[in-house]
Structures are given as C-alpha cells and as structure tokens.
2 protein chains.
Amino acid sequence: MREVAIIGAGMVRLGKYDGKPGHLPYKTHEELGVGACRAALKHAQVNHRKIEAVYAGQTATAQVQLGQRVADVLGISGIPMYNHENACATSLAAFRQAYLDVANGVHDLVLVFGAEIMSSMLSGGAIVLPEGAMFLQDVGMIMPVFFALLAKRHMEEYGTTKEQFAMVSVKNHKHSMANPYAQYQREFTLEEVLNSRMVCDPITLLQCCPTGDGAAAVIVASAAVARQYTTKPVRVVGSTVHGGEYKASKGDFTTIGSCTKAAKELYEITGVGPEDIDVCEQHDCFTPHELVTYEDLGFCEKGEGGRFIEDGLSDFGGKCVFNPSGGLQSKGHPIAATGVAQLVELTWQLRGECGARQVERAKVGLAHNGGGIGPGLEPGLISLTMLAI
Amino acid sequence: MREVAIIGAGMVRLGKYDGKPGHLPYKTHEELGVGACRAALKHAQVNHRKIEAVYAGQTATAQVQLGQRVADVLGISGIPMYNHENACATSLAAFRQAYLDVANGVHDLVLVFGAEIMSSMLSGGAIVLPEGAMFLQDVGMIMPVFFALLAKRHMEEYGTTKEQFAMVSVKNHKHSMANPYAQYQREFTLEEVLNSRMVCDPITLLQCCPTGDGAAAVIVASAAVARQYTTKPVRVVGSTVHGGEYKASKGDFTTIGSCTKAAKELYEITGVGPEDIDVCEQHDCFTPHELVTYEDLGFCEKGEGGRFIEDGLSDFGGKCVFNPSGGLQSKGHPIAATGVAQLVELTWQLRGECGARQVERAKVGLAHNGGGIGPGLEPGLISLTMLAI
C-alpha cells in the first residue's frame, strides 16, 4: 500500500442550525456540507476540479446521495461518489474507504466529508431506528443506559467513583473554551456536572453529548500528490475497523472488546503504541466511554481509568491529551460529521494550528469513533485512525 | 490488482412483503436481507464464519447499520461492515467498494447485499427526498417526467415511435414469465401496454417499474480463494462508476453522457466491447431508459435504438439479450436491492443455471445500474460491472 496523507481539513462550527432564538441560522445538510468542504479545499489549497472521488458520511436524515448534492454545489461532477452510513461511526467508515482507495492507487486526491442535521429536519429531529431492530430500545437499552450499566459495573469492580466520570465532562468542557468550532464554550465545576439533572445513574445531563448539527471535511492524497500541495502533510499511519461481536468482551462488561481488538491490530500494523500517542480525539458520547477507553486503548491498566483522569493524565501536561477540541461532550456530536470532525481537530493539532488549545509538540494523534449497538452490547463498529506528522 | 470472482449469488423473490391480501407475507429489511445472504452463502457453499467483511446497500428506509443487523442474524460479527446509499445505484456502489477491496488484497472473501422495503415501512412507503434537494421535484421533474422528456426528444430527433418504447415492456414482461424471483410473471400485448393508464406521455403505467420489496446478495472472492470453492467462478472483468456532470451529454438530451463515458472507460479497461457481451441486465426503470441505453452502451448507433428493439436484437436470438430476468419493469425494482439483483441474474446466466430463461452460450455479462438525478439531469451515478465465465 502507498503512503497516504491528509493535506487539508475544515469544518463548520457545530451547533443547532434551526434558526430558533439564540441558536444558529437555519441550514440544510447541503449548506453545512458545502461549508466544511470549502474550508477543507481552502486549507489544502486544492482546486475542486482536481478532486477524483467523493466519500460522504450521511445518516438517514440526509436521505439521498448527499455526496452528489454537496459536490454539485461545489462544482464537482462526473467522478465516483459514495455515501456511507454507520451510525455514530458514519464518517470514519467513509474515510476508511477513501484511505484504502488512495493507498491502493485507485485515486490520488479525494474529498471526504460528513454532514448531519439533528435539531431541525423533515422527520422532526428523530434519528429513526429501524422497525426490526427496536427490541433493545423497547426494553429500555438506549445509549445512556448502556454506558450507565458499564459505569455501575466499573464502580463495583474497581471502586471507580461518580466524581471520576464527571471529571471527563469538566475536562472536556474546559477544553472547548478555546475551540471556536465547539457547540458549547462554557466551563462547569465538578459540582455543577454532578448536580445537573440525572439521566441514568450515574450519568447526569452534563455527562451526555448534546443534540446538534454540523459538518466536517478532509482532503486525502497519496504521499506524492501531497508533496505538491504542502510541506506539512499529516500521514495516515494506519486505520482499523471492527464490528462488535458476542465474545469480544468475554463477559467483562467493563471492557469494550471490539475496541481492544481494533487497538491491538492498529498497534501491530503501525508499530506505534499508546506511549507514543500525544493527542486522542475519543468518542466521549457519555463520560464513562472516555474513562473506559483509557483502559481499552492501553493508556492504563484495566480498572485504572478513574485514577487516570483524576491524576490529570488525560489532560494537558499528562500522558496524552484526550479531546482537546472539547470532544463529543462539548464540541458536539452531529452523528455523521463526528468521525471526520475528529480527523479535522487532529490534523490541525499535528500541524500546530490550534492556538490556545494546542497540544505542544504533538506528533502522533489517534481518532476513536464508535457507532451503534451491535451483538453482545458491543458497538456496531469501532473505527480507529492513527495520524502523524 | 488481483483477479476477483463472484462465487455465489442468491436473492429472495421480489414483491410486496406487506402482508396485504394477495401480497407476500410481511417481512422486515433484516428478514429479506438474511434470506438473500443465506441463499448466496449456500450457493457458494461458504460457511458464514469465513466472511471477512460485509458491504450492505441500504436506503434511508433501512435507517441504521443494516449490514450489522443482517450479519448479526447470520452469526457474522467482529469484522469490518460498511453500509452504502446511492439512490437506485445503491448496491452496485457497495459492490464497487467490495470489488476494489478484494482486488487490492484488503480482503479475500466478502459478502455484498442490498435490501429494500418500499411497500410497507415506518414512513408509510415514501422514499423521502431531502429537504434541500426538492427543487427539481417541486417543478415536476420526477423520474418518469425525465424519461418522458428524453423519449419525446428521441421521437422528434430520430423518428422513434411510442410502440418501440412499449416493446421494451412487452419483451421484459415476457422474459419474467420464466423467472420465479420476479415480482410479476405475466405477459402483456403491445396494445395492453400502450392502452394502460398514461403516466407521462409517452410512458404508460406498464412502462414504469413497480413499487416493491426484496433483497439480493453475492459472495465475492479473490481468484485464489474462489478456486477453493467452485469450478465455475464468475470473473469480475471490470467495474466503472461515473457521477453525472453538466457537460456529459453536451446538450444532447437523447444521450445519457455519464453512461457513454462509463462504457468507454469500461471497454478500454477490459478490452471487451459490446460485440462480445451476450447478456445485459439493464436499469429499465422506464422503457425509454433501456432503448437509449442500447445506443449509449454502443450496441447500435445513436438514434437506432427503436429499430434495435423492433428487430428483436435485444431479445433471445438477437445480438445481446437485455433483461432476461424481466428487468426492473417486471422482475421489480426494490431500490437498494436492484444493483446486486442484476449481478445475481448475470451470475446464474453465466453459470448456465437459469432454466427456461437461460441465454445460450452466455460468456460475458454486463450490469448497468443508475441512480438519482444529478447535475444537468444526468443520473447521480452510473455504475457498470462486467462479468465473464
């Protein structure tokens, strides 16, 4: 496989584009997607006519051929266009195909983006679940419940405290203060997080990602083409995806087994381990997910996640800065945009373009994106992407 | 790139799975997808545990991670799973990624399927169009209108008759009489087709594909792995996809320019031309589409499509049998299933397994799948796949 690089990254500010008082002006999927793609093309200094293929991340809310609709406005046409859906891992699934196609010589220069509207849409904002797959939902196993059960078991097994979970929210909200693209730029104290409305014990409202809209895009090139455009290409060191499986966690409900498997494979492929990773954009949809991922990615031993956050090891000055963007907790989680939004933040971090939230001397970054509920209450897909400069 | 083969193909009968009187029993997307995948695995004699990746075709009606949901029932988990949407070209877009991944050595043995419910679903059967892309629909430019305008211009420019368009329906309905997987198995006379309710002049009701549900699946393998399973691998000779573009047709509204470009590229890549193709599963959503495709694929000169069908050259005993399955006209067009359903028919044809509708000595087959309305009233994507035995 050839070397592959990200040579440009852009996004729109995440938030509620529903035009309601205090919110952002009303926008469609196309408008948000076009905004992010134009920003990425500009960042890469690539003319849109040079793009050889488009890979879009869209959920059912976008309905039909979002890649084509956005490309049309950009003046891009007559080339292969693909549209991916993979629940909350949607746009990293699209990126994965783009990465493989460039690595394998199918294309040299491509556009990847994801766009999502959750706050305002034809169906009234619902990410409608399929008729035949509602059993888990019918019995109450919705996403916060899944992570609350995991958290409770973690507390029981390892003595993790509700304060330690809440510290993830405090840290990520603090990070987002310096991110103009974040849906929220507001700090909260540990007490405020703990005392916010209970959603599912121990997860309070301020430990849940918000509903929001947005879009993010990256320009992906072969190493040879990348050199024509930039002296700061961000190398794609490796990418792995794993669907959930019944036995991945081996009955240990405090481990997301598909994540440990995807990480093991990624570290083997790349020869890079957690000790080398400076910055991680992690899928902190609910705070227990970030805490348990410290362990599943090998940043600390199983059961030590609570100590890891409490000791500041996932913050600036620690071992690896988790979610300098603010993460899904505060930057936001417009589903189909999230995976590529993680790559955007990492690209900017590795190029040293993040201003007040810059992770100093960041050389290696990891994006961790998970989506859906699959077999054995594993996610439907875990996608890891390692970048380096 | 390595040689790639289809080693198994299966589908469920297409039709209305809504449980209404005279219709098929009620089924979900998952049930239809599982039925098709099990049939393909059985046809290939492949154990599901050997599958290395799943590529699903789904439209918004399936909502979330159809690939994972179907794989879960099949007992397939812990591997990469992708879900593609590309309007009526949805499942050939999924197949395209699978083909490239196997050709490039990413995987050796994968499952591709598409499943669609149109007659019965949460949203009441509508394939909802995106909020920001409804201008063409608002001004009346829906699919039958597009093909009716094309037909009218073809009549004006080349003297094509309404009878010649109707002959496509007569031929394809006749073909479907021998296809137990077709939604309809009923013959119509030319008079019946012409006298059926007018939808958009010159297109009558019996020249429109029906609303329906269904699923289709193929097992794709590297040539080396294919040899372990079968002595009759169906080679994937080549695959091209082209998004629509403003200037593809160069102002000629009787040509679908993205199709002529995709065909030119395919013939160049493969060294195989229309004179070598024995059987074609063509996207005959409305009868004028098949007639104009004879020309766009190079089976006859521009303007000669009417004569081509009238002389029986697209029927058994002619130059190339178009839609021996009955095509979208009569086999049916459950959107996300259609592209792979074309590959299923071609696989069976090239292996000589089609019984009364068998094209004798069929060695080379072509699938032609188009989806959406893109720039310049070109389709959003044209996908061509050439198979051979």
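About the criteria used
- Residues numbered from 1 in each chain as written.
- Chains lettered and ligands numbered in written order.
- Predicted model: local features only at pLDDT ≥ 70, side-chain atom pairs only at ≥ 80, totals over all residues.
- Heavy atoms only, no water.
- Helix = DSSP H or I, 4+ residues; strand = E, 2+ residues; numbered from the N terminus.
- Buried < 20%, exposed > 50% of the residue type's maximum accessible area, 1.4 Å probe, protein only.
- Contact = heavy atoms within 4.5 Å.
- Areas by Shrake-Rupley, 256 points an atom, 1.4 Å probe, with all protein chains shown as cover.
- Patch = residues over 30% accessible without salt bridge, like charges linked within 9 Å, V, L, I, M, F, W, Y side chains within 5 Å.
- Salt bridge = Lys/Arg side-chain N within 4 Å of Asp/Glu carboxyl O.
- Lys, Arg positive; Asp, Glu negative; His and termini not counted.
- Charge placed at Lys NZ, Arg CZ, Asp CG, Glu CD.
- Phe/Tyr/Trp six-rings, centres within 6.5 Å; stacked < 30°, edge-to-face > 60°.
- Buried area = accessible area lost by both parts, 1.4 Å probe.
- Polar contact = N/O pair within 3.5 Å; in protein donor to acceptor, adjacent residues only side chain to side chain.

**Here we look at the overall build of chain A**
A count of helices and strands for chain A gives 13 helices and 12 strands. Considered along the principal axes of its C-alpha atoms, chain A spans approximately 55 × 45 × 40 Å. Within chain A, buried positions represent 65% of all 389 residues. Taking all contacts inside chain A whose residues are at least 6 apart in sequence as the whole, residues at least 24 apart take part in 77%. When the accessible surface of chain A is totalled, it reaches about 13,100 Å², and 52% of it is carbon and sulfur.

**Considerations on a negative patch on the surface**
Among the surface-exposed residues, Glu163, Glu191, Glu192, Glu310 and Asp311 of chain A lie close enough to one another that they form a single negatively charged patch. A residue is classified by how much of its surface remains accessible, and Asp311 of chain A, at 45% relative accessible area, is partly exposed.

**Looking at the environment of Ala115 of chain A**
Residue and element names in this part refer to chain A. Within the secondary structure layout, Ala115 lies in strand β4 (residues 109-116). For the pair Ala115 and Met11, spaced 104 residues apart in the sequence, the C-alpha separation amounts to 9.6 Å. Setting aside residues no more than four positions away along its own chain, Ala115 makes contact with His29, Gly33, Gly57, Gln58, Leu66, Gly214, Ala215, Ala336 and Ala337.

**Details of the packing of aromatic side chains**
Residues and elements named next belong to chain A. Inspection of the entire model under this criterion finds 18 aromatic pairs over all chains. Centre to centre, the rings of Phe95 and Tyr99 are 6.4 Å apart; their planes meet at 15°, and the pair counts as stacked. Remark: Tyr99 and Phe95 occur in helix α3 (residues 90-103); sequence separation between them is four residues, near one turn of the helix. Among the aromatic residues, those joined into a cluster by ring pairs are Phe146, Phe147, Phe253 and Phe286.

**As for the interface of chain A and chain B**
Listed by partner, the interface residues are 50 residues for chain A and 50 residues for chain B. Interface area, chain A with chain B, both sides summed: about 4,200 Å², of which 53% is carbon and sulfur. Between the two partners, chain A and chain B, sit zero salt bridges. At the junction of chain A and chain B, the tally comes to 26 residue pairs in polar contact (both at pLDDT 80 or more). Going through the elements one at a time, α2 (66-74), β3 (81-85), α3 and β8 (234-242) of chain A are the ones with two or more residues in the side of chain A that touches chain B.

Interpretation note: all reported values are geometric properties and have no functional meaning in isolation.
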